[in-house]
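Tertiary structure, described
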Amino acid sequence: MATDHHDLDSCDTAVDANFDYMYKVLIVGNSGSGKTAFLVRYCDDCFSPSFVATVGIDFKVKSLFRQDKRIKLQIWDTAGQERYRTITTAYYRGAMGFILLFDLTNEESFLAVKGWSSTIKDMSWENAQVVLVGNKSDLTESRVITKEQGMELAQSLGIEYFEASAKEDINVKQTFETLVDLISEKMAESIEKNPNFVPRGSRPRQADTKEVQTSGCAC
Ligand code: GDP
Ligand code: MG
């Protein structure tokens, strides 16, 4: 699958067994909301003001420590355009968590959240965790969605809400860490219920592995 314009050199995809868990996470939301910027801010700690639409799907890997566990996050960046829906929905199935992103300065992206949420519910593993993010909080002058509206929507969907800025590095890390903690809690619950439980996202399906190899990731 093709990749976007971002420098992928720093993405760490080397074979590495030094982790306790691997969680697969997807970032979804309308095109232009800042999904790629959000991912690049978290993984590479940089921001580019240019907008080049992501084609298809791409991913980065980030390791983090939470509660004494080394967690390897495989974060998939999807393209929001409708014409890529058929590709991206196939990836929903193996994901353990979703970051559902909208643009605080774009009402359409906010109104689309319910649709994205239903797609997640329809397509993903039943225990997948979701957090809602209103991105571009740095654009205070042009924001059209209030904090209350965001919180209300998140509450109606039964999920957590963050206002973030990939540009100013506000709440990006916190969003990912919260999602990781939610996934860990869910996993602990599932293991308690069924000791033979193997989380779906922790072992990439063969098809995903193939996709990874052909993704054009330069690392
Ligand atoms: P995607 O289509 O959802 O992947 O969106 P992009 O990550 O490509 O971002 C779309 C545009 O919004 C780009 O021009 C980004 O530079 C800009 N952008 C993304 N996040 C922010 C942010 O937090 N603040 C501001 N001011 N601009 C942002
Ligand atoms: Mg993108």
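Further up the page is the structure itself.
These lines cover the structure that appears in this document, whether it is placed above or below. (Residues numbered from 1 in each chain as written. Chains lettered and ligands numbered in written order. Predicted model: local features only at pLDDT ≥ 70, side-chain atom pairs only at ≥ 80, totals over all residues. Heavy atoms only, no water.)

Overview of the layout of surface pockets
Counted as a void, the largest pocket has a volume near 500 Å³. As for the largest pocket, its lining consists of 31 residues, and the residues nearest its centre are Gly32, Gly34, Ala37, Phe51 and Lys136. In terms of residue count, the dominant contributor to the lining of the largest pocket is helix 1 (residues 35-44) (four residues). A breakdown of the residues in the lining of the largest pocket according to their chemical character gives eleven nonpolar, 15 polar and five charged. (1 Å grid on protein atoms, 1.4 Å probe; cavity = no way out; pocket = protein on both sides within 12 Å on 5 of 7 lines; lining within 4 Å. Points joined across faces, edges and corners; volume = space filled by probe spheres on them. Helix = DSSP H or I, 4+ residues; strand = E, 2+ residues; numbered from the N terminus. Nonpolar A, V, L, I, M, F, W, Y, C, P; charged D, E, K, R; others polar.)

So, the pattern of salt bridges
Applying the stated criterion across every chain yields a total of eight salt bridges. With a closest N to O distance of 2.8 Å, aspartate 45 and arginine 41 form a salt bridge. Ionic pairing is found between aspartate 44 and lysine 60, a salt bridge with its closest N-O pair at 2.9 Å. One end of the pair, aspartate 44, is in helix 1; the other, lysine 60, is in strand 2 (residues 57-66), and 16 residues separate them in sequence. Comparing aspartate 44 with lysine 60 shows no difference in burial state: the two are buried. By sharing partners, the salt bridges in this structure join Arg66, Lys173, Glu177 and Asp181 into a single network. (Salt bridge = Lys/Arg side-chain N within 4 Å of Asp/Glu carboxyl O. Buried < 20%, exposed > 50% of the residue type's maximum accessible area, 1.4 Å probe, protein only.)

Notes on the packing of aromatic side chains
Scanning the entire structure with this criterion turns up eight aromatic pairs. Between tyrosine 42 and phenylalanine 176, the ring centres sit 4.0 Å apart and the planes meet at 10°, which makes this aromatic pair stacked. Taken together, the residues span a long stretch of sequence, with tyrosine 42 in helix 1 and phenylalanine 176 in helix 6 (residues 172-193) at a distance of 134 residues. In this structure, tyrosine 42 and phenylalanine 176 share a single accessibility class: buried. (Phe/Tyr/Trp six-rings, centres within 6.5 Å; stacked < 30°, edge-to-face > 60°.)

A short note on unusual backbone geometry
With the exception of glycine, the majority of residues adopt a negative phi angle, and the majority of peptide bonds are in the trans configuration. Even without being glycine, glutamine 67 reaches a positive phi, approximately 45°. A relative accessible area of 61% means that glutamine 67 is categorised as exposed. In this structure, aspartate 169 is a non-glycine residue whose phi angle is positive, near 55°. Secondary-structure assignment places aspartate 169 in the loop between strand 6 (160-163) and helix 6. By relative accessible area, which is 41% here, aspartate 169 ends up partly exposed.

So, to be careful, I would describe these as geometric facts and stop short of saying anything about function.
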